[in-house]
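Fold and contact review
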Amino acid sequence: MTLPRSTRRPLVLVVSAVALALTASGCGAILDEISGPADAQRDEPGGEVTEASDADVFSVQVGDCIVSSKLDDADLVESVPVVPCSEPHDAEVYAETELPAGDYPGDEAVTTSAEEFCYGAFEPFVGLPYEESAHEYWYFTPRADGWTRQGDRVVQCVLDTNGTDVTGSLQGSAT
């Protein structure tokens, strides 16, 4: 159905006014649900997170600190609760790699690649072999649809303190 020209303009103005009112009234969370999460807020010189937020998963970088207790348990992650590393957190992105181009190799192959890479990057980052550490790791991996539609081939490794809040980076912590 096509609206007559005289009806469309007032309708567009009403929709725009409602969106503006929601944003101005503090109901921007409703708009976030519609438009999706925003990029993490960062400082210019170092690119460090400057404000706690639910950041778009594609804006997360090595060195970002995460509050994993606020992370959805969903299989598909769209946003990540990041904070400045000077604030309490229980996880940190410690390494990333890009998998080779080509057809999606399958979930098992992606998981195996992520496991091998993150395990190998653990000791150089923490300063202690994984088996001797009190910490765990997990990873963000691309899914088949993201691989195909968006060219997502990035694996990110996340160091997890098993629920213990820390401040600062865990790099070289040897724990």
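Everything that follows concerns the structure shown earlier in this document.
What counts, and where the lines are drawn
Per chain, the residues get numbers from 1 upward, laid out in the order the sequence is written. With pLDDT at 70 or above as the cut-off, local features in this predicted model cover only qualifying residues; side-chain atom pairs require 80 or more to be listed or tallied, and sums for whole chains, interfaces and linings still use all residues. Only heavy atoms go into the side-chain values, all of them from the structure, while hydrogens and water stay out. In this description, a disulfide is simply a cysteine sulfur pair whose atoms lie within 2.5 Å. Helical segments are the DSSP runs of H or I of at least four residues, strand segments are the runs of E of at least two, and each set is numbered from the N terminus. Nonpolar cores were defined as sets of buried Ala, Val, Leu, Ile, Met, Phe, Trp, Tyr and Cys residues, with membership established by side-chain atoms within 4.5 Å. With a 1.4 Å probe rolled over the protein chains alone, any residue whose accessible area is under 20% of its type maximum counts as buried; one over 50% counts as exposed, and the rest are partly exposed. Any pair of residues with heavy atoms lying within 4.5 Å of one another is described as a contacting pair. Residues form patches when they are more than 30% accessible in relative terms and have no salt bridge. Like charges link within 9 Å. Nonpolar side chains (Val, Leu, Ile, Met, Phe, Trp, Tyr) link within 5 Å. Shrake-Rupley sampling with a 1.4 Å probe provides the accessible areas, and residues are treated as covered by the protein chains on show and by no other component. Salt-bridge detection follows one rule: a side-chain nitrogen of Lys or Arg within 4 Å of a carboxyl oxygen of Asp or Glu. The sign given to each residue is positive for Lys and Arg and negative for Asp and Glu; His and the chain ends receive no count. In this description, the location of a charge corresponds to atom NZ of lysine, CZ of arginine, CG of aspartate or CD of glutamate. Within 6.5 Å between ring centres, the rings of Phe, Tyr and Trp (the latter by its six-membered ring) count as paired, and their orientation is classed by plane angle as stacked under 30 degrees, edge-to-face over 60, tilted in between. Any two strands with at least two DSSP-identified bridges between them are counted as paired. Simply put, an axis is a line fit to the C-alpha atoms, just over the touching stretch for a helix, and the angle between two N-to-C directions goes from 0 to 180 degrees.

We now examine the state of the cysteines. Disulfides are covalent bonds that link the sulfur atoms of two cysteine residues. Scanning the model with the defined rule gives 2 disulfides in all. Each sulfur of the disulfide joining Cys 65 and Cys 85 lies 1.9 Å from the other. Across the S-S bond of Cys 65 and Cys 85 the torsion is about 100 degrees, and the bridge reads as right-handed. Of the two residues, Cys 65 sits in strand S2 (residues 65–66) while Cys 85 sits in the loop between strand S3 (79–83) and strand S4 (91–98), which places them 20 residues apart along the sequence. When the bonded cysteines of the chain are counted from the start of the sequence, the pairing works out to 1-2, 3-4.

Okay, the nonpolar core next. Within the largest apolar cluster, 17 residues are counted, with the highest numbers of intra-cluster contacts made by Tyr 94, Cys 118, Phe 122, Phe 125, Val 126 and Leu 159. For this core, the elements supplying multiple residues, two or more each, are S4, helix H3 (107–126) and strand S6 (154–160). The dominant element in this core, judged by the number of residues it contributes, is H3, at 7 residues. Not counting residues up to four positions away in its chain, the partners in contact with Tyr 94 are Val 62, Cys 118, Tyr 119, Ala 121, Phe 122, Phe 125, Tyr 137, Cys 157, Val 158 and Leu 159. One finds Val 49, Ala 55, Val 57 and Val 158 within the second-largest nonpolar core, a separate group that totals 13 residues.

This brings us to a negative patch on the surface. Residues Asp 54, Asp 72, Asp 73 and Glu 78 make up a contiguous surface patch of negative charge. Mapped onto the elements of the fold, Glu 78 is located in the loop between S2 and S3.

With that out of the way, let us pick up the packing of aromatic side chains. Inspection of every chain in the model, using the stated rule, returns 8 aromatic pairs. Plain terms: the ring middles of Phe 122 and Tyr 137 are 6.0 Å apart, the flat faces sit at 45 degrees to each other, and that makes the pair tilted. Placement of the pair is Phe 122 in helix H3 and Tyr 137 in strand S5 (residues 136–140), with a sequence separation of 15 residues. Taking relative accessible area as the criterion, Phe 122 reaches 0% and is therefore assigned buried. Three or more aromatic residues joined by ring pairs form one cluster here, namely Tyr 94, Tyr 119, Phe 122, Phe 125, Tyr 130 and Tyr 137.

What follows deals with the sheet that holds S3. Spatial ordering of the open sheet is given by S1-S3-S2-S4-S6-S5, a layout of 6 strands whose pairing is antiparallel. Across the chains shown, the open sheet's two edge strands, defined by having one partner strand only, are strand S1 (53–56) and S5. Here 4 bridges tie S1 to S3, and the two strands are oriented antiparallel to one another. If you follow Asp 54 over to S3, its bridge partner there is Pro 81. In this fold H3 packs onto S4, S5 and S6, with an angle of close to 125 degrees to the strand it touches most, S4.

Before going further, it helps to examine the side chain of Ser 68. Following the sequence through the fold, Ser 68 ends up in the loop between S2 and S3. Exposure remark for Ser 68: the relative accessible area of 16% places this residue in the buried category. In contact with Ser 68, not counting residues within four places along its chain, are Asp 90, Ala 91, Trp 138 and Asp 160.

Even without glycine at this site, Asn 162 takes up a positive phi of about 60 degrees. Residue placement: Asn 162 occurs in the segment after S6. Phi is positive for Ala 174, close to 50 degrees, though the residue is something other than glycine. Here Ala 174 is to be found in the segment after S6. For Ala 174, a relative accessible area of 40% translates into the label partly exposed.

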